[in-house]
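Structural features, examined
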Amino acid sequence: MNPTKLSEFGLRAGAVLLVVGLLASACGGSDEPSATTAPPSEESAGEATTTEPAESDQAAGEPAEATAAEPAESDQAAAEDDGFPLTFTSCGEEFTIDSAPERVLVMETAVPSLLFAAGAIDRVVARIEDFAPEYYTSEEMAVLDAIPALQAETTSTGGAEVSMESIIDYEPDIVIGYDTETITHDALADVGIQLYVMPPFCDNPPTPSFESIVDEVRFYGELFGTAEVANASADALEDAVASAADAPVVEGKTSAALYVSSDGSAVYAYSSLGMVHPLMEALGMDNVFGELSERVPEVSIEEIIDRNPEILVLLYSDLDVTPEEISALVTDLPGAGSITAVAEGAVYPLLFNFAEPPSPIVVKGLSVLSDQIAE
């Protein structure tokens, strides 16, 4: 996610290294992924329809009727076995697609982690947001850097906004990420493009969990017809989460996950409705703000002092600010020294996508945060 998109995502309604290696290898695909291609022109689109198979069949002496009938039967049998048409739900609306998408436009930082896991990263033809290298391996970043980037403008809520024309230029079958004022289901449907809004960005998002991450990877396998790769990645993710939970780095310590604005003017606390909550639980922590009814409400330093967590996890997204500077935004607040976590030096800055939204990056976040605490 665009790091500064907290108000749009965070405030609306509301061994792991093995997994990373598996996800990186899952993106194998072709040597030259379609992500590196330029937008198809009308001429090249027209050339996509060819009669070469029919001509070669006739050259071999096959009657035209026989060659037409046999592929039709074969195609029909394949269609019955490939899982399409596929009906799925996005933000409460039901959609049906006739075949696996071949051209994907990506809108959100965490989406590539799902596509790598599903073995479908080679379908990406364009991206809207940049990707922080901390979240991906060098091999994965090489793939992502080769994907053409659309010119986008930052919205008032910190998200990215692009023109419909620039999206249409790349002729995607599907756009994956979130909706905006102009990028909507209806607007894209009018030009023959499917929009899939990631569940956490819906108006009524489901309660996040590691199970939801695994389910989303499996769904991408169905969506792109790559179930074998996706299911293997999902199994590995499950094993990694279970491994972390079986040997928690801390046991029963109270904690709070906070998001601090880059200027320190506001502090927000995550309830059980944020993905960071199950992440902390898996590592043995007890979220002192877990019972709050809002996903990530603004809180005062007095409230944090009163709940006195033993561990502070500080989510941040500004890559121009150091972890030490992020820590100081909280530890330098009046009275913060009386918080047990501050007094004992148990304050751990964590890049935002290692905890939010639910994606394979959060599974990697388990090891990142665990390593910080263990140091």
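Since the structure is predicted, the reported quantities are computational estimates derived from the model, not experimental observations.

We now examine the packing of helix α10 (residues 210–224) against helix α16 (residues 360–374). Put simply, α10 and α16 touch, their axes get as near as 9 Å, and they point 135° apart. Taken together, the axes of α10 and α16 are oblique relative to one another. Of the residues in α16, those in contact with F210, I213 and V217 of α10 are P360, V362, V363 and L366.

Counting across every chain of the model gives one disulfide. Disulfide pairing places C91 opposite C202 at an S-S distance of 2.0 Å. With the S-S bond torsion at -85°, the cross-link from C91 to C202 turns out left-handed. Here C202 lies in the loop between β8 (194–197) and α10 and C91 lies in the loop between β1 (86–90) and β2 (93–97), a separation of 111 residues in the sequence. Given a relative accessible area of 33%, C91 falls into the partly exposed group. A relative accessible area of 7% places C202 in the buried class.

Position of E356 among the secondary structure elements: in the loop between β13 (347–351) and α16. Accessibility expressed as a relative area gives 1% for E356, which makes it buried. Among the polar contacts listed, one links the side chain of E356 to the backbone nitrogen of V276, at a separation of 2.9 Å.

The next point concerns the packing of aromatic side chains. For the structure on display, the rule yields twelve aromatic pairs. Aromatic side chains F116 and Y136 sit 6.0 Å apart centroid to centroid with 50° between the ring planes, which places their arrangement in the tilted category. On the criterion of sequence distance, the pair formed by F116 in helix α6 (residues 111–118) and Y136 in the loop between β4 (124–127) and α7 (138–145) is long-range, its members being 20 residues apart. Comparing F116 with Y136 shows no difference in burial state: the two are buried.

To continue, consider α7. Count 3.6 residues to each turn of an α-helix, and residues three or four apart come out pointing the same way. Along α7, the residues that are buried comprise E140, M141, V143 and L144. One side of α7 holds all its buried residues, which, seen down the axis, span an arc of 160°. For α7, the exposed residues lying more than 90 degrees away from the buried face are S138, E139 and D145.

Inspection of every chain in the model, using the stated rule, returns seven salt bridges. A salt bridge links R123 to E102; the nearest nitrogen and oxygen atoms lie 4.0 Å apart. Here R123, found in the loop between α6 and β4, pairs with E102, found in the loop between β2 and β3 (104–106); they are 21 residues apart in sequence, far enough to count as distant. R123 sits in the buried class, given a relative accessible area of 11%. A salt bridge links E291 to R307; the shortest N-O distance between them is 2.9 Å. Of the two residues, E291 sits in the loop between β11 (285–287) and α13 (301–307) while R307 sits in helix α13, which places them 16 residues apart along the sequence.

Between its first and last C-alpha atoms helix α11 (residues 227–246) spans 28 Å; for 20 residues at 1.5 Å apiece the expected length is 28 Å, and the two agree. All of the buried residues along α11 are A230, S233, A234, A236, L237, A240, V241 and A244. Along the long axis of α11, the arc covered by the buried residues comes to 165°, so they all point the same way. In this structure, α11 carries E228, D239 and D246 as exposed residues pointing more than 90 degrees from its buried face.

The strand order across the open sheet formed by four strands is β4-β3-β7-β8, and the pairing between neighbours is parallel. Among the strands making up the open sheet, the edge pair consists of β4 and β8. Ignoring which end each strand starts from, the neighbouring axes of this sheet average 25° apart. Where β3 meets strand β7 (residues 174–177), three bridges bridge the pair, whose relative direction is parallel. By the bridge assignment for β7, V104 is matched with I174.

Procedures and definitions
Residues numbered from 1 in each chain as written. Predicted model: local features only at pLDDT ≥ 70, side-chain atom pairs only at ≥ 80, totals over all residues. Heavy atoms only, no water. Axes fitted to C-alpha atoms, helices over the stretch in contact; angles between N-to-C directions. Helix = DSSP H or I, 4+ residues; strand = E, 2+ residues; numbered from the N terminus. Parallel < 35°, antiparallel > 145°, perpendicular 65-115°, else oblique. Contact = heavy atoms within 4.5 Å. Disulfide = S-S within 2.5 Å. Buried < 20%, exposed > 50% of the residue type's maximum accessible area, 1.4 Å probe, protein only. Polar contact = N/O pair within 3.5 Å; in protein donor to acceptor, adjacent residues only side chain to side chain. Phe/Tyr/Trp six-rings, centres within 6.5 Å; stacked < 30°, edge-to-face > 60°. Arc of directions from axis to C-beta. Salt bridge = Lys/Arg side-chain N within 4 Å of Asp/Glu carboxyl O. Expected span 1.5 Å × (residues − 1). Pairing = 2+ DSSP bridges.

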